[in-house]
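Spelled out from the first residue to the last, the chains are:
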Amino acid sequence: MATQTIEKLRYERPVITSLNAGVTNKFGTKSLHAPLSHIDGVSVKEIIQKYGSPVFILSERKIRQTYREAYRAFTSRYPKVQFAWSYKTNYINAVCNVFHQEGCWAEVVSIFEYKKAIGNGVQGKNIIFNGPEKTDEDLLLAIQNDSLIHIDHLDELYQIIELTTKIKKRPRVAIRVNMDTGVYPMWDRFGFNYETGQAWDAINKIILTDKMDLVGLHCHIGTFMLSANAYAVAAIKLADLALGIKEKHKQNIEYIDLGGGFASKNTLKGSFLPGSDTIPTFDDYADAICSTLLNAGFTKENLPMLILESGRALIDEAGFLAGSVIANKRLSDGRRAIVMDMGVNLLFTSFWYDHRISPVEESGNHTENAVIYGPLCMNIDIVRESVTLPPLKKGDHAVIHTVGAYNMTQWMQFIAMRPNVVLIDTEGKTHVIRNRETVDDLNKMEVMPEHLKKFKL
Ligand SMILES: *Cc1c(COP(=O)(O)O)cnc(C)c1O
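Residues numbered from 1 in each chain as written. Predicted model: local features only at pLDDT ≥ 70, side-chain atom pairs only at ≥ 80, totals over all residues. Heavy atoms only, no water.

1. Section: empty space enclosed by the protein
- In this structure the tally under the stated criterion is one cavity of 30 Å³ or more.
- Approximately 50 Å³ is the volume attributed to the largest cavity.
- Residues that form the lining of the largest cavity fall into these classes: five nonpolar, two polar and one charged. (1 Å grid on protein atoms, 1.4 Å probe; cavity = no way out; pocket = protein on both sides within 12 Å on 5 of 7 lines; lining within 4 Å. Points joined across faces, edges and corners; volume = space filled by probe spheres on them. Nonpolar A, V, L, I, M, F, W, Y, C, P; charged D, E, K, R; others polar.)

So this is what it looks like as structure tokens:
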């Protein structure tokens, strides 16, 4: 009988290896966790000490730099380019005025934004009035001011035709066109459809009733568009309409407005790679749009002006939210949780972006995955489901990146008041551009009926 020998395994000394030492991972090195102590040379800690925690911080230098980059990408490829600042993306007046100083018109989607633009000194003729809701009063004001009215639906067209009986001026209008650009779901709830002939129907109605001037064609195909080619498709379809109008009605279209929607350098939830590595550049978008328009068949005389209403791509990166750690916790499943004083009340975009978070102070090499909660007494107040960070203790500070777009307009006055918004100017000086709200601000709007004023407990 053969004997079977089992070889004794060699003894190996046990070792302990740290799994989260911040070494290279698939996204690169630990620089992602490097502290951000200064923004444009200004100490974040000092800003928090001076203006409170949390605080929104905007870099004027970054806004101007990003705008100039976008402007150069388009003007180097096309002779007539005009940007119009999308007010709903961030309508704090100081922010709007940086864009207006740079040469941007205003693009608004409501009468209150319209009035803000007028208040900021934008000439009526340089305001584009978009959106599905415009009252008679709104439209009369826009017509009186020679603003560009972008018609969203037939009811609005009939409304304007009716208004022209009350006013001498001829309205200057464009139609918003929606279309299949190969990106789904299609945004077909705004404007007139290209493929079904709705757009032509509206064009013929406007031109043949002869009560207003059709000066432009507009589309806004979506937001955070990851395909530059979708814009080439949109441009060719609007160019086709413009050339068709020239042929059929012998009329020139002054401008083609391709709306906004360029992606910012944020990371969409569920993305494998950070947004900064994957999104198209301004040059990519400009290349797709400008070559298409230049090759569409326009003559030099009837080449339309190209209008762009880019919002998030121009401001997102210039915005930061700085705040403080309130507490550290261990959840029942062992995960680390950090409670910060900034939550979804201030960061609407955290519902679809994985915002990058940096500690402000230096805190060693050890890192651990953590869930980041905001201060709200509400379960969905989660800023990041899982992010690798060095240990942050109570009172430490952190900065959330790329929050300049849509947060300062969609923030909620739920549980907490809105904080100060601070602009760092190009010389490194800080300015409050929107004051923090107080209980008095809130109470000022409320009215107590007489019979509820007195009570005894
Ligand atoms: C919101 C909006 C924009 C700006 O969109 P971004 O995605 O922020 O660039 C431009 N035009 C219209 C009509 C809009 O509604």
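2. Here we look at the pattern of salt bridges
- Tallying each qualifying case throughout the model produces 24 salt bridges.
- In this structure, the salt-bridge partner of D396 is K393, at a minimum N-O distance of 3.5 Å.
- The exposure class assigned to D396 is buried, which follows from its relative accessible area of 11%. (Salt bridge = Lys/Arg side-chain N within 4 Å of Asp/Glu carboxyl O. Buried < 20%, exposed > 50% of the residue type's maximum accessible area, 1.4 Å probe, protein only.)

3. Here we look at the packing of helix α8 (residues 229–249) against helix α10 (residues 282–294)
- Where α8 contacts α10, the two axes come as close as 8 Å, and the packing angle between them is 25 degrees. On the basis of the axis angle, α8 is roughly parallel to α10. Crossing angle aside, the handedness with which α8 passes α10 is right-handed. Together, Y231, A232, A235, I236 and A239 of α8 and Y285, A288, I289, T292 and L293 of α10 make up the contact between the two elements.
- Each residue belonging to the contact of α8 with α10 can be placed in one class, and the counts come to nine nonpolar, one polar and no charged. (Axes fitted to C-alpha atoms, helices over the stretch in contact; angles between N-to-C directions. Helix = DSSP H or I, 4+ residues; strand = E, 2+ residues; numbered from the N terminus. Parallel < 35°, antiparallel > 145°, perpendicular 65-115°, else oblique. Left-handed = near helix turned anticlockwise from the far one by under 90°. Contact = heavy atoms within 4.5 Å.)

4. What about the site of the ligand?
- The ligand sits among 16 residues. The nearest are K88, T223, G261, E309 and Y406.
- One nitrogen or oxygen atom from the side chain of T223 is found 2.5 Å from an oxygen atom belonging to the ligand.
- One nitrogen or oxygen atom from the main chain of R312 is found 2.8 Å from an oxygen atom belonging to the ligand.
- In isolation the ligand has 380 Å² of accessible area, and contact with the protein removes 95% of it.
- Most atoms of the ligand, that is more than half of them, are within 2 Å of grid points of the second largest pocket.
- Along the lines of polarity and charge, the residues of the shell around the ligand split into one nonpolar, 10 polar and five charged. (Near = heavy atom within 4 Å. Polar contact = N/O pair within 3.5 Å; in protein donor to acceptor, adjacent residues only side chain to side chain. Areas by Shrake-Rupley, 256 points an atom, 1.4 Å probe, with all protein chains shown as cover. Sits in = over half its atoms within 2 Å of the grid points.)

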